[in-house]
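Commentary on secondary and tertiary structure
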Amino acid sequence: MNDIQQEIARLSEEINRHNYYYYMLDDPKISDYDFDQLLQRLIDLERQYPEYVQPDSPTQRVGGTITKQFESAAHIYPMLSLGNTYSEGDLTEFDTRVHDLLNGSVEYVCELKYDGVAISLIYEHGILTRAVTRGDGSRGDVVTANVKTIGSVPLSLAGDYPDLLEARGEIIMPYDSFNALNAEREEIGEQPFANPRNAASGSLKLQNSAEVAKRGLSFKLYYALGENLPEDNHYARLRKLHEWGFRFPDVMEKVDGLPGVLGFIRTWNEQRKQLPYPIDGIVIKVNDFAQQQQVGATAKSPRWAIAYKFKAERVSTPLLSVDFQVGRTGIITPVANLKPVSLAGTVVKRATLNNRDFIADMDIREGDFLFVEKGGEIIPKIVGVDMEKRAPEANPVRFVDVCPLCGTTLVQNEGEAGVFCPNELHCAPQIRGRLEHFISRKAMNIDSLGEGKIEVLYAQGLVRNAADLYDLTFDKLFGLEKVIEDENGKSKTLSFKEKTTQNILNGIEQSKNVPFERVLYALGVRFVGEVTAKKLARRFKNIDAIASATQEELVEVEDVGERVAESVIQYFNNTENLEMVMRLRTAGLQMEAGEESQAASDKLAGMNIIVSGVFSVPRDELKRLIEQNGGKNVSSISKNTTYVLAGDKMGPEKRKKAESLGIPIISEEEFFRMIGNL
Ligand code: IVH
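Attention in this report is confined to the structure presented alongside it. Quick caveat, the model's predicted, so the values are computed rather than measured.

All right, on to the overall build of the protein chain then. Secondary structure summary: the protein chain contains 26 helices and 24 strands in total. Scaling as 2.2 N^0.38, a compact globule of 678 residues should have a C-alpha radius of gyration of about 26 Å, and the protein chain matches this with 29 Å. Along the first, second and third principal axes, the C-alpha set of the protein chain runs to 85 × 85 × 50 Å. The buried share among the 678 residues of the protein chain stands at 48%.

Structural data, given as structure tokens:
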């Protein structure tokens, strides 16, 4: 080993040790800052000497690998599921079945049933070589690069580990990470995740592992497989895995017989409310491996283990009134105002009634007591009417006939459950909704504006349609203020200071480079999604040709049917739309497909790239290529930056900042390789 190799080994060992203190023992020994310094030194060395990068280097936690398509792989051992029970009676039956198949007493192990995504981790000679999702139980998706970014997943093992080990567990998203992620998504106008499980699952499938690294995922170990593994019981084996480098479960108890199991369940049914991550039940396992073998398994699930799922908590509370909310697409959602009631740790005051059919099917009447349930712990659900408490003369809840915001008569299309307000162009939430779509990431990608800011601009009367955005000036924006109230009545003041204002204007200015096909998508023509917009742009080449296309010409385009064609024609028949499109053109938006629309790819989709320094080609050319391949040019480095594309003479400040945030710096050559131009 030369000096460099030694330094790399020493740093890796030190970083791994601190990772261990932090993730496995919850006992950090150095500050985050000092840790980042160590990691940065290693990142720099590895960049300088790529030939010495080890496969289990702790720098892999930072991510940066792009997976275009997840390959599938067969599991070495099938990934079974567990039988579910919901009552103590079912558990008694489970216990009786187990005892019937065994002689003597049984020791059970009780664990938490983590509510996330199952994962299989393969370690060959102590190195994590593959991470595979459950899939259909016999094959799953290979998500190794993404899983390597998760701090609580050991990249390599220590001690007397076997040559081949399969560790199984659940990838979960703790509530803190989940709430932060959803807040960020709402801010940029993206749909929030419904629950931490969906968020974890969505995160594992991200193409850029550097993004996964930011999602705050965590791994919870629950099982190990392999040939001739040490120990003769489950508890001791997980202890052994802990010696090799895994975190031992936060909660895991050996209990005696059924009474012990029931005690554990009662305790955790209450205490789960204090856990920082979601669980949806308790898993009970026979501890002794010989006994597990004796009890056996069916094709689907082991007989030696069972999941007890917590019942959703349910209360009944009176319906006080119904609000009718108008969504971004004009859909009317009835929302029940309930007499506040305490449920699973929070006070419930409102719950959705979904749509007109929901109210009719449940026959909800004025003054009814409604049953409210909270299952996934996040959103309360109305599950029925408490008929015993219904007043004899109660009138059915009446659904509105006109839009509560603009007074337009509502419409329901045949075969659709939703009732909507057809006044697309002048109904406030629909105007805001269209603006939010216009600025969204896949459309014009103006991320310096978000839902909250659009609301302010709308409230101040500054924007009524997308073209108005391009008339905004520093003076119009600077100093704007609005107090925004969230669901819980908490208020915060949004104010446009100098930096915010400048960012907004820069974002709007940059959007003028967005290619035509995305402009077309951004217009929000009904039924014209991203793909259709691309196809229309390629076929017709410019906005005038699309606006004057006939029904016959439109349906010639692949995937464009009558419904889409009609919608396009209707859009361009409307003079207000036409006028807006004209203004957008005058403002300088791309209304013609460049050559790039032929060659465009989405290789850089979702990536924010900053170009800095001197290159062999003009900088603008690089910027054009970034846009053309679905990426976004950004001008300042933040934690949301994906890459710094660095040329010669890149500013030292920028480099320092990129390094301190752990943002990968790529060369011109690497960039061209990424987009397939080399
Ligand atoms: S043991 C062969 N233990 O629940 C038994 N599973 O349907 C393997 N789960 O897919 C499962 N927490 O993803 C086990 N402590 C725990 C668990 C757990 C969550 C998940 C797992 C599995 C599903 C069972």
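The immediate surroundings of the ligand are formed by S81, L82, E111, L112, K113, Y114, A118, E170, Y222, V283, K285 and P302. A distance of 3.1 Å separates a nitrogen atom of the ligand from a polar backbone atom of Y114. Separating an oxygen atom of the ligand from a side-chain N or O atom of E170 is a distance of 2.5 Å. Isolated, the ligand exposes 530 Å² of accessible area, and the fraction of that covered by the protein chains is 91%. Going through the elements one at a time, β3 (107-114) and β10 (279-286) are the ones with two or more residues in the shell around the ligand. For the shell around the ligand, the residue count by class is seven nonpolar, one polar and four charged.

Attention now moves to the side chain of N233. Summarising the element assignment, N233 is placed in the loop between β8 (218-225) and α8 (234-244). A polar contact is formed between the side chain of N233 and the backbone nitrogen of A236, at a distance of 2.8 Å. If we ignore the near neighbours within four places in the chain, the residues touching N233 are N287, D288 and F289.

With that settled, the discussion passes to the side chain of D468. Its location among the elements puts D468 in helix α14 (residues 466-469). A polar contact is formed between the side chain of D468 and the backbone nitrogen of R464, at a distance of 2.6 Å.

This brings us to α8. Where burial is concerned, most of α8 is hidden: nine out of the eleven residues are buried. All of the buried residues along α8 are H234, Y235, A236, R237, L238, K240, L241, H242 and W244. Its side-chain oxygen at 3.2 Å from the backbone nitrogen of Y235, N233 defines the N-terminal cap of α8. Backbone geometry just downstream of α8 places G245 in the positive-phi region, at approximately 130°.

On to the nonpolar core. F438, L469, L523, L536 and L584 are the most contacted members of the largest nonpolar core, which has 55 residues in total. When neighbours within four sequence positions are excluded, L523 is seen to be in contact with R434, I543, Y571, F572, M580, V581 and L584. Listed in part, the 37 residues of the second largest apolar core include Y123, L155, L165 and L238.

Taken together, four strands build an open sheet; the order of strands is β22-β21-β23-β24 and the sheet is parallel. Both edges of this open sheet fall to β22 (632-633) and β24 (665-666), since each of them pairs with a single strand only. Note that strand β21 (residues 608-612) and β22 share two bridges and pair parallel. Note on β22: the bridge partner recorded for I609 is N633. Strands in contact with helix α24 (residues 619-628) are β21, β22 and β23 (643-646); relative to β21, the strand with the most contacts, it is inclined by about 170°.

Between helix α12 (residues 428-439) and helix α13 (residues 451-459), the least distance of the axes is 10 Å, while the angle of their chain directions is 130°. Regarding the angle of α12 to α13, the classification is oblique. Taken as a pair, α12 and α13 cross one another with a handedness that is right-handed. On α13, the residues that touch A428, I431, R432, L435, E436 and I439 of α12 are E451, I454, E455 and Y458. Its residues assigned to classes, the contact of α12 with α13 comprises six nonpolar, no polar and four charged.

Conventions adopted
- Residues numbered from 1 in each chain as written.
- Predicted model: local features only at pLDDT ≥ 70, side-chain atom pairs only at ≥ 80, totals over all residues.
- Heavy atoms only, no water.
- Helix = DSSP H or I, 4+ residues; strand = E, 2+ residues; numbered from the N terminus.
- Rg over C-alpha atoms; globule rule 2.2 N^0.38 Å.
- Buried < 20%, exposed > 50% of the residue type's maximum accessible area, 1.4 Å probe, protein only.
- Near = heavy atom within 4 Å.
- Polar contact = N/O pair within 3.5 Å; in protein donor to acceptor, adjacent residues only side chain to side chain.
- Areas by Shrake-Rupley, 256 points an atom, 1.4 Å probe, with all protein chains shown as cover.
- Nonpolar A, V, L, I, M, F, W, Y, C, P; charged D, E, K, R; others polar.
- Contact = heavy atoms within 4.5 Å.
- Core = buried A, V, L, I, M, F, W, Y, C linked by side-chain atoms within 4.5 Å.
- Pairing = 2+ DSSP bridges.
- Axes fitted to C-alpha atoms, helices over the stretch in contact; angles between N-to-C directions.
- Parallel < 35°, antiparallel > 145°, perpendicular 65-115°, else oblique.
- Left-handed = near helix turned anticlockwise from the far one by under 90°.

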